[in-house]
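Summary of the model geometry
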Amino acid sequence: MAEEERRGGARTTGGGEADGRPGANGGRSGRTGFTTEDGRLTLRERKKLQTRQRISGEATLLFIERGFDHVTVAEVARAAEVSTMTVFNYFPRKEDLFLDRIPEARELIVRAVRERGADESPLAALRALVLGLLAERHPLSVVGEGFERFWRTVLDSPALRARGREAIEEMEGTLAALLAEAAGGDADRPGQDARLAAALIVAGVRAACAGALARQLGGDPVDEVAVEQAEVLRRTFDALERALPNGA
């Protein structure tokens, strides 16, 4: 059985680093010894990424099998055959061992807005990103085979739910900065328009995802949920375009 299947399709949040892609800065400088001048990962960096993925994978298995709140970081370290200190070097918080795609979500949002087409609005770029993730059944889209076990683990843990809410607030702040930047404003001090637009976009996507998750947890077929979710997201972004006529 494949690793992801053993985990119940569980890894739905965490950094692009876990699957071998560079971080949001497009790859570290060659002077660090992590990458070559053409941006490829060095042996040292590949080993670090493999260690990170192994730690997260073992943690996910344990959390799903026994519940997040019933597994200690020390137990994760033993399963991954590393020290507890090593675990915290890669994951500052226990919650980030499970919600390990949060950095990836941020990176995808940043890239979508900053690398959009010359005639494309930030909102249009985000629409394409969200619908694209759903089409490929990316874990961040919420909809996918086997994701139920992951989300049940999250819902069963107050700590994971709290970290999830915090992550959503972080995404909203990141998006507000990006929208301010796109409009020629100060990304470090987004104005009311940028903050309001970010709040509306995040709330709209969150509501759509919550509905899809409820259906999937209720046992509806994944393909059926995905088809309806795509339509819900299109209607959501249509509404956002009417509310934000300048494309945010």
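In this report, we go over the structure that sits alongside the text. Residue numbers restart at each chain and count upward from 1, following the sequence in its written direction. Note on the predicted model: pLDDT of at least 70 is required for a residue's local features to be given, and 80 or more for side-chain atom pairs to be given and counted; whole-chain, interface and lining totals, by contrast, use all residues. Computation of side-chain values: all heavy atoms of the structure, hydrogens and water removed.

1. Here's the deal with helix H8 (residues 147-155)
In plain terms, the rule: A 1.4 Å probe rolled over the protein chains alone gives each residue an accessible area, and that area as a share of the maximum for its type sets the label: buried under 20%, exposed over 50%, partly exposed in between. A helix here means a DSSP run of H or I that spans at least four residues, while a strand means a run of E at least two residues long, and both kinds are numbered starting from the N terminus. The arc in question is the one traced by the directions running from the helix axis out to the C-beta atoms. Note on contacts: a residue pair qualifies if any of its non-hydrogen atoms lie within 4.5 Å across the two residues.
Turning to H8, its buried residues are Phe147, Phe150, Trp151, Thr153 and Val154. The buried residues of H8 all sit within an arc of 155° when viewed along its axis, so they share a single face. Residues of H8 that are buried make contact with helix H2 (43-66), helix H5 (94-98), helix H9 (158-182) and helix H10 (192-217).

2. Describing the packing of H9 against H10
Formally: Only the contacting stretch of a helix is used when fitting its axis, a line to C-alpha atoms as for every element, and angles between N-to-C directions run 0 to 180 degrees. Orientation labels follow simple angle bins: below 35 degrees gives roughly parallel, above 145 gives roughly antiparallel, 65 to 115 gives roughly perpendicular, and whatever is left gives oblique. Take the far helix as your reference; a near helix turned counterclockwise from it by less than a right angle gives a left-handed crossing, and one turned clockwise gives a right-handed crossing. Residue classes follow a fixed rule: Ala, Val, Leu, Ile, Met, Phe, Trp, Tyr, Cys and Pro count as nonpolar, while Asp, Glu, Lys and Arg count as charged, and any other residue, Gly among them, counts as polar.
Two elements in contact, H9 and H10, have axes separated by 8 Å at closest approach and are oriented at 135°. When the axis of H9 is compared with that of H10, the two are oblique. The handedness of the crossing between H9 and H10 comes out as right-handed. For the pair formed by H9 and H10, the contact residues are Arg165, Ile168, Glu172, Leu175, Ala176, Leu179 and Ala180 on the first element and Ala194, Arg195, Ala197, Ala198, Ala199, Ile201, Val202 and Arg206 on the second. Looking at the contact of H9 with H10 residue by residue, the classes come out as 11 nonpolar, no polar and four charged.

3. Description of the pattern of salt bridges
As a reminder of what qualifies: Basic side-chain nitrogens of Lys or Arg form a salt bridge, by our definition, when they fall within 4 Å of a carboxyl oxygen of Asp or Glu.
Across all of its chains, the model carries 17 salt bridges by this definition. Among the ionic pairs, Glu228 bridges to Arg215, the shortest N-O distance being 2.5 Å. Placement of Glu228 in helix H11 (residues 222-243) and of Arg215 in helix H10 is noted, with a sequence separation of 13 residues between them. Exposure remark for Glu228: the relative accessible area of 42% places this residue in the partly exposed category. Residue classification places Arg215 among the buried residues on the basis of a relative accessible area of 19%. Residues Arg235 and Glu231 are paired through a salt bridge, measuring 3.8 Å at the closest nitrogen-oxygen approach. Note that Arg235 and Glu231 are positioned in helix H11 at a spacing of four residues, about one turn of the helix. Accessibility expressed as a relative area gives 37% for Glu231, which makes it partly exposed. A single network of salt bridges, built from pairs that share partners, joins Arg93, Asp96, Arg163, Glu166 and Glu170.

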